[in-house]
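Observations on the model geometry
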Amino acid sequence: MPPVVLALRRLPNPRLTGIGAGLFASAVMLLVGCLDWLLFDASPLVYGLLFLPVSAATALWVRGPDLVTAPISVPIAFAVGVVPIAGGEGGIGGHTMAVITALAVHAGWLYGGTLVAGVITTVRKVRLMGRRQRAAAQAQAQAEARARATTAQRRP
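Summary of the structure given here. From a predicted model like this one, the values you see are computed outputs, not experimental measurements. (Residues numbered from 1 in each chain as written. Predicted model: local features only at pLDDT ≥ 70, side-chain atom pairs only at ≥ 80, totals over all residues. Heavy atoms only, no water.)

1. A closer look at the environment of Pro-2
The residue Pro-2 is located in the segment before α1 (3-10) in this model. Taking the C-alpha atoms as reference, Pro-2 lies 30 Å from Pro-65; in sequence the two are 63 residues apart. (Helix = DSSP H or I, 4+ residues; strand = E, 2+ residues; numbered from the N terminus.)

Now the structure itself:
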């Protein structure tokens, strides 16, 4: 096997619920936003670049039945994490306007991360549906084989 595949197999493979995936993404993006504010003087480029792997990890680690939640929770996590880097002056109103402005100005990163999560969850869902169809077809074939064997045993 290629070394990349072996490295990917060694990564953790948690299965988060929908709420867990949203909390994971929000907590990580808030941490990223705070670290970006402290270390990089609130650089939107650093924040956006780090948002993409968080989006991918969220989409990869959410459980199969909760796949639809990943593309929904990722933009919420972006908004949560943008609060520390948005800036703003003049009380709660000024900070709110700064967050809204940051969301509008950095919508490209937001759409990119949401697209990453959407593509990953779509591929995972298609693969999951294929596995279920193969399992159902295999179960049907086994049932038919058992029925034929039972019928063959009853004949004299």
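So that's the structure; there's more coming.
2. Topic: the side chain of His-106
With respect to the helices and strands, the residue His-106 is situated in the loop between α5 (91-105) and α6 (107-154). Classification of His-106 as buried rests on a relative accessible area of 18%. (Buried < 20%, exposed > 50% of the residue type's maximum accessible area, 1.4 Å probe, protein only.)

3. Side note on the packing of helix α4 (residues 70-86) against α5
Relative orientation of the contacting elements α4 and α5 amounts to 115 degrees, with a least axis distance of 9 Å. For the pair α4 and α5, the crossing hand works out as right-handed. Where α4 abuts α5, its residues Phe-78, Ala-79, Val-82, Val-83 and Ala-86 lie against Ala-98, Val-99, Ala-102 and Leu-103. Its residues assigned to classes, the contact of α4 with α5 shows 9 nonpolar, no polar and no charged. (Axes fitted to C-alpha atoms, helices over the stretch in contact; angles between N-to-C directions. Left-handed = near helix turned anticlockwise from the far one by under 90°. Contact = heavy atoms within 4.5 Å. Nonpolar A, V, L, I, M, F, W, Y, C, P; charged D, E, K, R; others polar.)

4. A few points about unusual backbone geometry
Its identity as a non-glycine residue notwithstanding, Asp-41 has a phi of 55 degrees, on the positive side. Position of Asp-41 among the secondary structure elements: in the loop between α2 (18-39) and α3 (44-61). We classify Asp-41 as exposed; its relative accessible area is 67%. Phi is positive for Ala-42, close to 60 degrees, though the residue is something other than glycine. Within the fold, Ala-42 resides in the loop between α2 and α3.

5. Side note on the nonpolar core
Soluble globular proteins: nonpolar side chains tend toward being buried together. Membership of the largest hydrophobic core comes to 26 residues, with the highest contact counts inside it found for Met-29, Tyr-47 and Val-82. Those elements giving two or more residues to this core turn out to be α2, α3, α4, α5 and α6. Broken down by element, the residue count for this core peaks at 7 residues, all from α4. Residues within four places of Met-29 in sequence aside, it is in contact with Tyr-47, Leu-50, Phe-51, Val-54, Ala-77 and Gly-81. (Core = buried A, V, L, I, M, F, W, Y, C linked by side-chain atoms within 4.5 Å.)

6. Some remarks on the side chain of Arg-124
Mapped onto the elements of the fold, Arg-124 is located in helix α6. In terms of polar contacts, Arg-124 uses its side chain to reach the backbone carbonyl oxygen of Ala-59, at 2.7 Å. Not counting residues up to four positions away in its chain, the partners in contact with Arg-124 are Arg-15, Ala-59, Leu-60, Trp-61, Val-62, Arg-63, Gly-64 and Leu-67. (Polar contact = N/O pair within 3.5 Å; in protein donor to acceptor, adjacent residues only side chain to side chain.)

7. Structural notes on the pattern of salt bridges
This structure, assessed with the given rule, holds 1 salt bridge. Two residues, Asp-66 and Arg-63, come together in a salt bridge whose shortest N-O distance is 2.9 Å. Assessed through its relative accessible area of 15%, Asp-66 is described here as buried. (Salt bridge = Lys/Arg side-chain N within 4 Å of Asp/Glu carboxyl O.)

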